[in-house]
Amino acid sequence: MNIILLGPPGAGKGTQARILVESRGMIQLSTGEMLREAKSSGSEMGKKVAAIMDAGELVTDEIVIGLIEEKLSGDNAGGFIFDGFPRTLAQADALGELLEKHGATLEAVVEMRVDDDELVSRITARSTCGDCGEGYNDVSKPIPADGRCTNCGGTEFKRRADDNEESLRTRLMEYYKKTSPLIGYYYAKGNLRSVNGLGEIDEVAGEIKVVLDA
Ligand code: AMP
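This text gives an overview of the structure that appears in the document. (Residues numbered from 1 in each chain as written. Predicted model: local features only at pLDDT ≥ 70, side-chain atom pairs only at ≥ 80, totals over all residues. Heavy atoms only, no water.)

Some details on the pattern of salt bridges
Consideration 1: Here the structure, examined in full by the defined rule, presents 17 salt bridges.
Consideration 2: Asp162 serves as the salt-bridge partner of Arg160, at 3.0 Å between the closest nitrogen and oxygen.
Consideration 3: Ionic pairing is found between Asp163 and Arg171, a salt bridge with its closest N-O pair at 3.1 Å.
Consideration 4: Three or more residues are tied together by salt bridges with common partners; here these are Arg126, Arg160, Asp162, Asp163 and Arg171. (Salt bridge = Lys/Arg side-chain N within 4 Å of Asp/Glu carboxyl O.)

Section: the side chain of Asn137
Consideration 1: As for its position among the elements, Asn137 is in strand E6 (residues 135-137).
Consideration 2: Take Asn137: its relative accessible area is 12%, and that puts it in the buried class.
Consideration 3: One polar contact links the side chain of Asn137 to the main-chain amide nitrogen of Ser140, over a distance of 3.0 Å.
Consideration 4: Not counting residues within four places of it along the chain, the set of residues in contact with Asn137 comprises Arg122, Ala125, Arg126 and Pro142. (Helix = DSSP H or I, 4+ residues; strand = E, 2+ residues; numbered from the N terminus. Buried < 20%, exposed > 50% of the residue type's maximum accessible area, 1.4 Å probe, protein only. Polar contact = N/O pair within 3.5 Å; in protein donor to acceptor, adjacent residues only side chain to side chain. Contact = heavy atoms within 4.5 Å.)

Here's what the structure looks like:
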């Protein structure tokens, strides 16, 4: 089963993708993660995208489509979760063509709905474990008092360079201008399933399970 998690920054796509990886053995393809890795490795491509990402703008379709194309030829037994891709209509068209080329289909596009005020407060409060990627939130899930990750015991936590209020405004604007038209696009194709992304992590995971198993 191949699926897309679609939603604005802070909707919880990464968190839910991690749960699906564990519960269903799916493979998470996060273009944001791939780009952050390129950025921290200091590769030519990483240098090219760094300032764009920090500002909260979208990198070119060509770059992200190339990243996804490389991964699609690999192992996909459990199916792919596209997390943060596609983000434009051109990317959505390209994904359709790539899947077709590999004889694969897209089973569902899960739209995660969260109101904008909640997104801003979630993003400015979030951090992750530097070792295992477990997510924390200063308000709803603070880093434990002993400074150790509840999942792996790691002691290093990081915040994303683009998780600040100014960059978030740009990311939201990019979402509404370029990504939100995909909701109509996939509705028309018949793949759209919407869930309420506002609840606790487990509740949202439960809703996603329901729409995927329907
Ligand atoms: P994310 O981790 O999905 O929030 O992505 C972080 C940043 O990476 C975005 O703000 C964009 O600058 C860039 N990015 C990630 N995925 C894409 C994509 N599909 N198209 C264009 N830019 C992307």
